[in-house]
Each structure stands twice: as structure tokens, then as C-alpha cells.
Amino acid sequence: EADIYQTPRYLVIGTGKKITLECSQTMGHDKMYWYQQDPGMELHLIHYSYGVNSTEKGDLSSESTVSRIRTEHFPLTLESARPSHTSQYLCASSVIRGGEAFFGQGTRLTVV
Amino acid sequence: TQLLEQSPQFLSIQEGENLTVYCNSSSVFSSLQWYRQEPGEGPVLLVTVVTGGEVKKLKRLTFQFGDARKDSSLHITAAQPGDTGLYLCAGASEQRGSTVRGSEKLVFGKGMKLTVNP
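Structural notes, computed from the coordinates.

Cut-offs and rules
- Every residue gets a number counted from 1 within its own chain, in the order that chain's sequence is written.
- Chain labels run from A onward and ligand labels from 1 onward, assigned in the order the entries are written.
- Whole-chain, interface and lining totals are the exception, using all residues; otherwise, since this is a predicted model, local features are given only for residues with pLDDT of at least 70 and side-chain atom pairs are given and counted only at 80 or more.
- Side-chain measures here rest on the full set of heavy atoms in the structure, leaving out hydrogens and waters.
- Helix numbering and strand numbering both begin at the N terminus, where a helix is a DSSP run of H or I of at least 4 residues and a strand a DSSP run of E of at least 2.
- Whenever two N or O atoms come within 3.5 Å, that pair is a polar contact, provided that in protein one can donate a hydrogen and the other can accept it, and provided that, for residues adjacent in sequence, both atoms are side-chain atoms.
- Between two residues, a contact is recorded if the distance between any of their heavy atoms is within 4.5 Å.
- Here the rule is simple: two strands pair whenever DSSP picks up at least two bridges between them.
- Working convention: axes come from line fits to C-alpha atoms, limited for helices to the stretch in contact. Angles between N-to-C directions cover 0 to 180 degrees.
- Any Lys or Arg side-chain nitrogen located within 4 Å of an Asp or Glu carboxyl oxygen qualifies as a salt bridge.
- Think of it in three bands: residues with accessible area under 20% of the maximum for their type are buried, residues over 50% are exposed, and the middle band is partly exposed, with areas taken using a 1.4 Å probe on protein chains only.

Here we look at the side chain of Thr107 of chain A
Residue and element names in this part refer to chain A.
Okay, so step 1: Within the fold, Thr107 resides in strand E11 (residues 107–111).
Okay, so step 2: In this structure the side chain of Thr107 is engaged in a polar contact, spanning 2.5 Å, whose partner is the backbone oxygen of Pro8.
Okay, so step 3: In this view, Thr107 contacts Gln6, Thr7, Pro8, Arg9, Leu21, Ser87, Gln88 and Tyr89; residues no more than four positions away in its chain are not counted.

Considering the sheet that holds strand E8 (residues 71–76) of chain B
Residue and element names in this part refer to chain B.
Okay, so step 1: Spatial strand order, E1-E3-E8-E7-E6: five strands in an open sheet with antiparallel pairing. Two strands in the sheet have a free side with no partner beyond their single neighbour: strand E1 (5–7) and strand E6 (55–58). Within the sheet, the average angular offset between the axes of one strand and its neighbour, ignoring direction, is 15°.
Okay, so step 2: In this sheet, strand E7 (residues 61–65) lies alongside E6 in antiparallel orientation, the contact comprising four bridges.

Looking at the pattern of salt bridges
Residues and elements named next belong to chain B.
Okay, so step 1: Scanning the entire structure with this criterion turns up six salt bridges over all chains.
Okay, so step 2: Among the salt bridges present, the one from Glu54 reaches Lys56, with a minimum N-O distance of 3.8 Å.
Okay, so step 3: Here Lys56 falls in the partly exposed class, since its relative accessible area comes to 32%.
Okay, so step 4: Two residues, Arg60 and Asp83, come together in a salt bridge whose shortest N-O distance is 2.9 Å. Residue Arg60 is located in the loop between E6 and E7, and its partner Asp83 is located in the loop between E8 and strand E9 (85–94); the two are separated by 23 residues in the primary sequence.
Okay, so step 5: Overall, the relative accessible area of 25% leaves Arg60 in the partly exposed class.

Okay, here's the thing in C-alpha cells:
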């Protein structure tokens, strides 16, 4: 069983609010990812990190930002949420080589 | 951006039938993974293939990696309702020009939504 956790599982907030989605893993993985996924649809990579103080933008442009101050923690922040941000956000981690990703359960965000 | 095309995108079959899902790309991957995702959950890794021509079996599931490491297939024998879910392939490849150790990025296909009816 993978040790990667996301909080909250569900979040409903109003437009314009600032939010932070939390992601923590206890496996010591250097690589971490954030994906955005609409229900039953493909995963879009929005951010990834190779390790502490390393962050890169993914293939899908996103207004969110990330930070990697500690190996185990990779939070995602939206400064001003909009209805277009409504989606499921999945965090994952992997070892440097091999690429197999372990996913959290996701945060389903609804912006009203 | 490297693309992984999966086909079919949707499949609804009866219990006991066999099926094959394809994952194709014009890019070469150092490894390819298959994941299964249930509604409301994150994807869970099923298998990783790394060698061209490799075949792996997991109970009723058979995975094959193409000789050129550009494509893969997943074959399910005697499908059961518990197999219902979204099947995703993902490829790992080195980033061109990157000097970062282990700069592999994981790219996902669009997935195949499987429904197995009792």
C-alpha cells in the first residue's frame, strides 16, 4: 500500500478564495507530480519536482503554483480560485529511475 | 510533447469476454506502465515493462511491450465485473537536453474506460 496522502479529499469554495492542496509521502521519493483530471478523463501533468527546491511546469498550463521545501511535502496553491479550476487534483511520487508513480486518492475541488 | 494514443477509448462487454487495449506512440520510452483507476480514487500501478518485446502476465491480464519500445498492449481474458475501471498507459522517457539526474517525465495516455456487465 502506497504511503502518499492528500488533503482535503473534497473541497467546495467560493470564487476568489486562496486555497492550498496538501500532498505528503513517507516513501522518501525524490520525484513528485501534480496531475489534473476531469472525471473519467485523461490525466494532465501540471507540475513536477525532481527534489527539494526543484519545481517544473508540466504540459498543461495552470494558474497554480507549487513548492518543494521538504522531500516529503509538495503543496499546490491557487491564489484566486475560479469555477474553471473545478476538477480533481492528483498527487503522485516516484523514485528517480523507473518512473512508476504512486498516487494519492486525490482532491476533488469545486469552485462556486 | 510526447503523445500516447490509447484505443479503444470506451469498451462495454459482457462478463467472460476477452479484450485487448492498445497504447501507441511515435516516441521511444525507457519504460511503460499500465494503471487502473476506479471512480473517485487515484490510479494504481498494474505493471511496468522495460525491455522491448517483453511479456508479463498478472493472473488474467497479459501485458506486452513492443520490440521498438514505442507501443504496448493489455489483454484481459475472461473479463469480470470487477475489472471495470479506467485503464491508463504511461510512458517514461528522458528529457532532451536535461542535465538533471533521473529527469524522466511520466506521460499518460487518455485511458480506456472499460465496463464489464454481469
